[in-house]
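# What the coordinates show
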Amino acid sequence: MSLIGTLLGYVLTVFILVLVVRMVLDWTRLVTTGPAWLGQARRISHRATEPVIAPVRRVLRPVRAGGVSIDLAFTVVFFAAVVVRSIAFAL
């Protein structure tokens, strides 16, 4: 394994974890408002992931299913990060 591939793999692992945190915090916002630190954690996770998701969202608009909107950009970015991570660790 190369050092660059390993470092890229670890960076992508952290990015995937932040994506999962964003997903969970967005779901909990639907249930309850929660304490103040929860809002701060939500803002940090959005700030870290939105620069990657926003360009994809401009191409893939959210799909409306009744009153629910499914964000395909998040799903595409998540799976792309997983695939690129596995490639990076294989280098």
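Whatever comes next refers back to the structure up there.
Residues numbered from 1 in each chain as written. Predicted model: local features only at pLDDT ≥ 70, side-chain atom pairs only at ≥ 80, totals over all residues. Heavy atoms only, no water.

## Thoughts on a nonpolar patch on the surface
The grouping of V59, L60, V63, V68, I70, L72 and V76 at the surface amounts to a nonpolar patch, some 550 Å² of accessible area in total. Those elements that place two or more of their residues in the nonpolar patch are β2 (68-70) and α3 (72-90). Judged by its relative accessible area of 43%, I70 is partly exposed. (Patch = residues over 30% accessible without salt bridge, like charges linked within 9 Å, V, L, I, M, F, W, Y side chains within 5 Å. Areas by Shrake-Rupley, 256 points an atom, 1.4 Å probe, with all protein chains shown as cover. Salt bridge = Lys/Arg side-chain N within 4 Å of Asp/Glu carboxyl O. Helix = DSSP H or I, 4+ residues; strand = E, 2+ residues; numbered from the N terminus. Buried < 20%, exposed > 50% of the residue type's maximum accessible area, 1.4 Å probe, protein only.)

## Section: the pattern of salt bridges
Considering all chains together, one arrives at 4 salt bridges under this definition. Among the ionic pairs, R57 bridges to E50, the shortest N-O distance being 2.6 Å. We note a salt bridge from D71 to R57, for which the minimum N-O separation is 2.9 Å. Placement of the pair is D71 in the loop between β2 and α3 and R57 in helix α2 (residues 36-59), with a sequence separation of 14 residues. A relative accessible area of 23% places D71 in the partly exposed class.

## Section: α3
The end-to-end C-alpha separation of α3 is 27 Å, in line with the 27 Å expected for 19 residues at 1.5 Å each. Regarding α3, the residues found buried are A73, F74, V77, A81 and A88. Angular distribution of buried residues about the axis of α3 spans 90 degrees; they occupy a single face of the element. Counted as exposed and oriented over 90 degrees from the buried face of α3: F79 and A90. (Expected span 1.5 Å × (residues − 1). Arc of directions from axis to C-beta.)

## Observations concerning the packing of aromatic side chains
All chains considered together, the criterion is met by 3 aromatic pairs. Ring geometry for Y10 against F89: centres 5.2 Å apart, planes inclined by 80 degrees, an arrangement best described as edge-to-face. Residue Y10 is found in helix α1 (residues 3-31), and its partner F89 is found in helix α3; the two are separated by 79 residues along the sequence. Ring centres of F74 and F78 lie 6.5 Å apart, and the angle between their planes is 15 degrees; on these two criteria the pair is classed as stacked. Here the residue F74 and the residue F78 both occupy positions in helix α3, the gap between them amounting to 4 residues, near one helical turn. For F78, a relative accessible area of 22% corresponds to the partly exposed category. Chaining the aromatic ring pairs together yields one cluster made of F74, F78 and F79. (Phe/Tyr/Trp six-rings, centres within 6.5 Å; stacked < 30°, edge-to-face > 60°.)

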